[in-house]
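Residue-level listing of the chains:
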Amino acid sequence: MQRLLYILAYPILWLLSILPMRILYIKSTVLYFLVYYVIGYRKKVAKDNLALVFPEKTDQERNRIAKQFFKHLCDIIFETIKAFTISEKEIRKRFVVTNAEILNPYYENDRSILLMAGHYGNWEWSGILNKLMQHQAHAVYKPLGSKQFDALVKKTREHFGGIIVSNKKIVGVLFRKWKKGTKTLTYILSDQTPKLGAFKHRDTFMGINVPMFTGTEELAKKLDFSVLYLKVEKVKRGYYTATFVPLVENPKEYPDFQITRMFFDALEDQIREKPEYYLWSHKRWKLRKVD
């Protein structure tokens, strides 16, 4: 069944991906009205999350954020589809790295990097980073249940030469490259919800006590990799900037969980400034500690 679904869906997705962005954004607007007003996809989840983390805001303010978020989410869906065939020239115009030169000292000092990021802005266009650096670029992902769609996701995210590695294999892959002396930059979405019973630490995210994913920090300490934060900002529809923000140079010098805290502090600052660009449809606070 999954193979049949893929055979039916792939031609449609490919045809959509070759359309100009202005056409895709028209379709995104239509999808928004269907998703928000007709289907109500995860509308309750998003509104519950907003009520939880922004109790000081009025219902009207939270509803405005929810609507803006779903508009952005629909844009992300079509931007992800566009990533199947987008040219390097076009994505360089739409996803601009503001300070690539900040990586020069890491090249000079032979330092590998773990790049922490959140589900904020556009995380699907980060594959272009591989074209802007000397390090070998990797990105961590969770494999899909369908082999066909999983292969499509990998192919899309490796469009510009980066290497996509599953979350279960990344430690071994980076360890082997570390032993060979290969310098890498690895992109990790670090705001994910760990499985129940599989986490080592709790802390606050947007003021709510939740389990924390600490794998990025643990990996940094194990391999002595420097840690940076990728600050992605939406400039306007279809255009983003990405800025490298150094967090720590020598992770072993930091107490346990402090690096994770630094990452969440940086992400929270962005969310509070422009909350509509965070992934509110995700059940990030489902395992929160209730007093």
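Residues numbered from 1 in each chain as written. Predicted model: local features only at pLDDT ≥ 70, side-chain atom pairs only at ≥ 80, totals over all residues. Heavy atoms only, no water.

S.K.: How would you summarise the sheet that holds strand β1 (residues 95-97) if you had to cite specific residues and measurements?
M.R.: Strand order in the open sheet formed by 7 strands is β1-β9-β8-β2-β5-β3-β4, and the pairing between neighbours is mixed. Bordering the open sheet on either side are β1 and β4 (163-166), each of which pairs with just one other strand. Taken over all neighbouring pairs, the strand axes of this sheet differ in orientation by 30° on average, direction set aside. Pairing between strand β2 (residues 113-117) and strand β5 (residues 184-189): 5 bridges, direction parallel. Across the sheet, Leu114 pairs through a bridge with Thr186, a residue of β5. Relative to the sheet, helix α9 (residues 215-223) contacts β2, β5 and β8 (226-236), its axis offset from that of β2 by approximately 170°. (Pairing = 2+ DSSP bridges. Helix = DSSP H or I, 4+ residues; strand = E, 2+ residues; numbered from the N terminus. Axes fitted to C-alpha atoms, helices over the stretch in contact; angles between N-to-C directions. Contact = heavy atoms within 4.5 Å.)

S.K.: Tell me about helix α2 (residues 21-39), and please be specific about residues and values.
M.R.: One full turn of an α-helix is made of 3.6 residues, so residues set three or four places apart face in the same direction. Residues Met21, Leu24, Tyr25, Ser28, Tyr32, Val35 and Tyr36 constitute the buried set of α2. Looking straight down α2, one finds its buried side chains confined to an arc of 95°; they lie on one side. Facing away from the buried side of α2 by over 90 degrees, the exposed positions are Ile26 and Val38. The positive-phi residue at the C-terminal boundary of α2 is Gly40, with phi of around 70°. (Buried < 20%, exposed > 50% of the residue type's maximum accessible area, 1.4 Å probe, protein only. Arc of directions from axis to C-beta.)

S.K.: A description of the pattern of salt bridges should follow, citing residues and the corresponding values.
M.R.: Applying the stated criterion across every chain, the model contains 15 salt bridges. In this structure, Glu218 and Lys200 form a salt bridge, with 3.5 Å as the shortest nitrogen-oxygen distance. Of this pair, Glu218 sits in helix α9 while Lys200 sits in the loop between β5 and β6 (202-205); the two residues are 18 residues apart in sequence, bridging distant segments of the chain. Looking at Lys200, the relative accessible area reads 60%, which means it is exposed. (Salt bridge = Lys/Arg side-chain N within 4 Å of Asp/Glu carboxyl O.)

S.K.: So what's going on with the packing of aromatic side chains? Which residues, and what values?
M.R.: All told, the structure shown has 18 aromatic pairs when counted by the stated rule. Here the aromatic rings of Tyr32 and Tyr37 are separated by 5.9 Å at their centres, their planes lie at 75°, and the arrangement is edge-to-face. Put simply, the rings of Phe54, Phe205, Tyr229, Phe263, Phe264, Tyr278, Trp280 and Trp285 pair up and form one aromatic cluster. Over the face of the ring belonging to Tyr36 we find Lys43, whose NZ or CZ atom lies 4.1 Å from the ring centre. (Phe/Tyr/Trp six-rings, centres within 6.5 Å; stacked < 30°, edge-to-face > 60°. Lys NZ or Arg CZ within 6 Å of the ring centre and 35° of its normal.)

S.K.: How would you summarise the packing of helix α8 (residues 170-180) against α9 if you had to cite specific residues and measurements?
M.R.: Where α8 meets α9, the closest approach of the two axes is 11 Å, and the angle between their N-to-C directions is 20°. As judged from the angle between their axes, α8 and α9 are roughly parallel. Handedness of the crossing formed by α8 with α9: right-handed. Here Val171, Leu174, Phe175 and Trp178 of α8 lie close against α9, whose contacting residues are Leu219, Lys222 and Leu223. Considering only residue class, the contact of α8 with α9 consists of 6 nonpolar, no polar and 1 charged. (Parallel < 35°, antiparallel > 145°, perpendicular 65-115°, else oblique. Left-handed = near helix turned anticlockwise from the far one by under 90°. Nonpolar A, V, L, I, M, F, W, Y, C, P; charged D, E, K, R; others polar.)

S.K.: Give a description of helix α3 (residues 43-53) that names residues and reports values.
M.R.: Here α3 has its buried residues at Val45, Ala46, Asn49, Leu50 and Val53. End-on, the buried residues of α3 take up no more than an arc of 130°, which puts them together on one face. Of the surrounding elements, those touching the buried residues of α3 are α4 (59-82) and β7 (208-211).

Structural measurements only, silent on function.
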